[in-house]
Amino acid sequence: MAGPAASENQNFCFKDELDAFKLCLSPNKEVILEHYLAGWSGLVKFLNRLGNVFGFISKDASSKIQILRNFLNGESGSEYFTVQSMVKYELENKLVDLKKAGSHPESGCRTLLRLHRALRWLELFLERLRTSQEDGKTSAMCAESYNESLAQFHPWVVRKAAGLAFCMLPGRLAFFEVMNVGTPDQVVAMLGEALPVVTEVYQITQELYAKHDLLDIP
Ligand SMILES: CCCCCCCC/C=C\CCCCCCCC(=O)N[C@@H](COP(=O)(O)O)[C@H](O)/C=C/CCCCCCCCCCCCC
């Protein structure tokens, strides 16, 4: 794995990237899309620092972030201010292919669902990382979290490629160094702070999608 140069570390701190998720929730607990996407962009930035072997994952995440940014910056941008307003707008205007792929293969609802499923992986992974021992293996933590969440939505070939990429993850200490948050204790404390936020954003989105029967958009 080719790690980042020391000088690059000065410009990167994983905490700053996760902070975007803190801004996600509006006072009435709606998920603000701009901040949600900023959170994901930060995670992709981190993933890119882990090496080219994760390129196919970061490329897929980036393209989904871009699809949603295009909606946000497009002529109906105000309808995409929150995930709640996006769902309402796209459903009322029949802009979602609900049962099979049709004329809206890249709707906002479908695209966000892919990131939302990945957020569950993140939640599980952060919790494993937070509670891991010094000799914990990030590759195993990542694979277990993936198998409990995202894997069920991926075909064999993607699962296989993801599994191989996970084997290239650095050990726990080196992983913490790439995060550039501070000592292992500081990393653990930061993860403890970040997790409830990620969980809340995930749960709010999950309930919204379940309420509108959107959890299986093809
Ligand atoms: C302190 C913890 C640090 C964690 C840092 C995590 C950084 C992770 C950054 C990005 C996560 C990637 C998000 C991946 C989104 C995947 C969306 C998806 O499911 N796409 C598939 C379906 O899309 P459609 O075909 O229906 O449009 C697509 O087929 C996926 C292709 C790529 C493979 C995705 C594998 C996902 C593995 C997630 C684990 C990332 C490993 C990160 C290692 C730290």
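- An unreviewed UniProt entry lists the protein under the name Ceramide-1-phosphate transfer protein, from Oryzias sinensis.

### Examining the overall build of the protein
Thinking step 1. Looking only at helices and strands, the protein features 10 helices and 0 strands.
Thinking step 2. Expressed along its principal axes, the backbone C-alpha trace of the protein runs to roughly 50 × 40 × 30 Å.
Thinking step 3. Each of the 218 residues in the protein was classed as buried or not, and the buried ones make up 46%.
Thinking step 4. Counted over contacts in the protein with a minimum sequence separation of 6, partners at least 24 positions apart contribute 69%.
Thinking step 5. Of the roughly 11300 Å² of accessible surface on the protein, 53% is carried by carbon and sulfur atoms.
Thinking step 6. Both charge centroids of the protein, one from 23 positive and one from 26 negative side chains, sit 5 Å from each other.

### Brief notes about the site of the ligand
Thinking step 1. Every one of the 27 residues lining the ligand counts as a neighbour, but Asp60, Lys64, Arg110, Arg114 and His154 are closest to it.
Thinking step 2. Within the contact set of the ligand, an oxygen atom lies 2.8 Å away from a side-chain nitrogen or oxygen of Arg110.
Thinking step 3. His154 places a polar side-chain atom, nitrogen or oxygen, 2.7 Å from an oxygen atom of the ligand.
Thinking step 4. Isolated, the ligand exposes 980 Å² of accessible area, and the fraction of that covered by the protein chains is 90%.
Thinking step 5. Among the elements that make up the shell around the ligand, the one with the highest residue count is helix H6 (residues 108-130) (8 residues).
Thinking step 6. Along the lines of polarity and charge, the residues of the shell around the ligand split into 22 nonpolar, 1 polar and 4 charged.

### Considering the UniProt feature "domain: Glycolipid transfer protein" (unreviewed entry) in the protein
Thinking step 1. Summarizing the sequence annotation, UniProt attributes the feature "domain: Glycolipid transfer protein" (unreviewed entry) to residues 33-180 in the numbering used throughout.
Thinking step 2. Helix makes up 67% of residues 33-180 and strand 0%, and the two end C-alpha atoms of the span are 26 Å apart.

### With respect to a nonpolar patch on the surface
Thinking step 1. Nonpolar side chains collect at one region of the surface, where Trp156, Val157 and Val158 lie side by side and expose about 320 Å² of accessible area between them.
Thinking step 2. Locating Trp156 in the fold gives a position in helix H8 (residues 156-166).
Thinking step 3. Judged by its relative accessible area of 58%, Trp156 is exposed.

### Overview of the confidence of the model for the protein
Thinking step 1. Looking at the protein as a whole, the pLDDT averages 93, with 95% of positions reaching at least 70.
Thinking step 2. Across the predicted assembly, pTM comes out at 0.95 and ipTM at 0.97.

### Things to note about the side chain of Arg172
Thinking step 1. When you line up the elements, Arg172 lands in helix H9 (residues 172-179).
Thinking step 2. Here the side chain of Arg172 touches Gln133 through a polar contact of 3.2 Å, landing on its backbone oxygen.
Thinking step 3. Excluding residues that lie within four positions of it along the chain, Arg172 makes contacts with Leu129, Ser132, Gln133, Glu134, Gly136, Thr138 and Val188.

### Points about the nonpolar core
Thinking step 1. Core analysis: the biggest nonpolar cluster contains 66 residues, and Tyr36, Met179 and Tyr209 have the highest contact counts within it.
Thinking step 2. Ranked by residues supplied to this core, first place goes to helix H10 (residues 184-211) with 12 residues.
Thinking step 3. Setting aside residues no more than four positions away along its own chain, Tyr36 makes contact with Phe21, Cys24, Val31, Leu112, Leu115, His116, Leu119 and Val201.

About the thresholds
- Residues numbered from 1 in each chain as written.
- Predicted model: local features only at pLDDT ≥ 70, side-chain atom pairs only at ≥ 80, totals over all residues.
- Heavy atoms only, no water.
- Helix = DSSP H or I, 4+ residues; strand = E, 2+ residues; numbered from the N terminus.
- Buried < 20%, exposed > 50% of the residue type's maximum accessible area, 1.4 Å probe, protein only.
- Contact = heavy atoms within 4.5 Å.
- Areas by Shrake-Rupley, 256 points an atom, 1.4 Å probe, with all protein chains shown as cover.
- Lys, Arg positive; Asp, Glu negative; His and termini not counted.
- Charge placed at Lys NZ, Arg CZ, Asp CG, Glu CD.
- Near = heavy atom within 4 Å.
- Polar contact = N/O pair within 3.5 Å; in protein donor to acceptor, adjacent residues only side chain to side chain.
- Nonpolar A, V, L, I, M, F, W, Y, C, P; charged D, E, K, R; others polar.
- UniProt positions renumbered as here; feature names shortened; annotations may be inferred.
- Patch = residues over 30% accessible without salt bridge, like charges linked within 9 Å, V, L, I, M, F, W, Y side chains within 5 Å.
- Salt bridge = Lys/Arg side-chain N within 4 Å of Asp/Glu carboxyl O.
- pLDDT = per-residue confidence, 0-100.
- Core = buried A, V, L, I, M, F, W, Y, C linked by side-chain atoms within 4.5 Å.

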